[in-house]
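Notes for the structure review
In case you want the letters, here they are:
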Amino acid sequence: MWWALPLLFLGGVFSIEANGNLSEFDALTSHLKVTYGLMGITAVASVLCGLWLVISLGSHRWAQRLGGIALAAYSIVLIAGTLLTIIPCAGPS
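Residues numbered from 1 in each chain as written. Predicted model: local features only at pLDDT ≥ 70, side-chain atom pairs only at ≥ 80, totals over all residues. Heavy atoms only, no water.

**Quick look at the side chain of T42**
Selection criterion: Secondary structure elements follow DSSP: runs of H or I of four or more residues count as helices, runs of E of two or more count as strands, with numbering from the N terminus. Partly exposed describes any residue whose relative accessible area lies between the buried limit of under 20% and the exposed limit of over 50%, with all areas from a 1.4 Å probe on protein chains only and scaled to the type maximum. By the criterion applied in these results, polar contacts are pairs of N or O atoms within 3.5 Å in which, for protein atoms, one can donate a hydrogen and the other can accept it, and in which residues neighboring in sequence qualify only through two side-chain atoms. In what follows, residue pairs with any heavy atoms lying within 4.5 Å of each other are defined as contacts.
Within the secondary structure, T42 is located in helix α2 (residues 30–55). Residue T42 is classed as buried on the basis of its relative accessible area of 12%. Here the side chain of T42 touches M39 through a polar contact of 3.0 Å, landing on its backbone oxygen. If sequence neighbours within four positions are ignored, T42 has contacts with A70, A73 and Y74.

In C-alpha cells:
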C-alpha cells in the first residue's frame, strides 16, 4: 500500500507540470507537443496506478509494475527530450 504514495505524489506533480507546459499549445513545436504529450500520458498512468493500489489496498502487483514502468517511461522521455535538445534548457537567447 505504501507504493501508492510515491506514485500518486510524483504522478500528480508530473501531470501538473505537463499540463502547464501544454497550456501554450499553439506556441510549441511539434516535437515539444509530442514530448509533453507523452510526459502527460505517463504521469496520468502513474496516478491511475496509485489509485488502483489505494482502492485494492496494495494487493495488486500489476499496479506496482505498471506504475513503475510509467515513471520510468516519464524519466526516459524527459532525458531523451533534454539530450536531443527538444526541451529547451535555457531561456530565450
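**Concerning the packing of α2 against helix α3 (residues 61–83)**
Rule in force here: In this analysis an axis means a line fitted to C-alpha atoms, helices contributing only their contacting stretch, and an angle means the value between N-to-C directions, from 0 to 180 degrees. Oblique is the label for any angle not covered by the other classes, which are roughly parallel (under 35 degrees), roughly antiparallel (over 145) and roughly perpendicular (65 to 115). Two helices crossing with the near one rotated counterclockwise from the far one by less than a right angle form a left-handed crossing, whereas a clockwise rotation gives a right-handed crossing.
Viewed as axis vectors pointing N to C, α2 and α3 meet at an angle of 160°, and their least axial separation amounts to 8 Å. Between α2 and α3, the crossing angle belongs to the class labelled roughly antiparallel. By crossing handedness, the relation of α2 to α3 is classed as left-handed. Here T35, L38, M39, T42, A45, S46, C49, W52 and L53 of α2 come into contact with α3, specifically with W62, A63, Q64, L66, G67, A70, L71, A73, Y74, V77 and L78.

**So, the environment of L66**
The topology assignment puts L66 in helix α3. Between the C-alpha atoms of L66 and G50, which are 16 residues apart in sequence, the distance is 9.7 Å. Apart from residues no more than four positions distant in its own chain, L66 is found in contact with C49 and W52.

**So, α3**
To keep things clear, this is the line we draw: The length a helix should cover is 1.5 Å for every residue beyond the first.
Given a rise of 1.5 Å per residue, 23 residues ought to cover 33 Å, and the 33 Å separating the end C-alpha atoms of α3 matches this to within 8%. Buried within α3 we find A63, Q64, G67, A70, L71, Y74, V77 and G81. In the stretch just after α3, T85 is the one whose phi turns positive, near 55°.

**Thoughts on the nonpolar core**
What counts, and what does not: We define a nonpolar core as any set of buried Ala, Val, Leu, Ile, Met, Phe, Trp, Tyr and Cys residues linked to one another through side-chain atoms lying within 4.5 Å.
Grouped together as the largest cluster of nonpolar side chains are 10 residues: F14, L28, L32, Y36, M39, A43, L71, Y74, V77 and I87. Sorting the residues of this core by element identifies α2 and α3 as the ones contributing at least two each. At 4 residues, the largest contribution of residues to this core is made by α2. With residues up to four places along the chain from it excluded, the contact list for V77 reads T35, L38 and M39.

**Remarks on α2**
In an α-helix, one turn spans 3.6 residues; hence positions three or four apart end up facing the same way. When the terminal C-alpha atoms of α2 are compared, their 37 Å separation across 26 residues agrees well with the 38 Å that a helix rising 1.5 Å per residue should span. Every buried residue of α2 is accounted for by L32, T35, Y36, M39, G40, T42, A43, S46, C49, G50 and L53. Downstream of α2 by one or two residues, L57 has phi in the positive range, about 60°.

Functional significance is not addressed by these values, which are geometric in nature.
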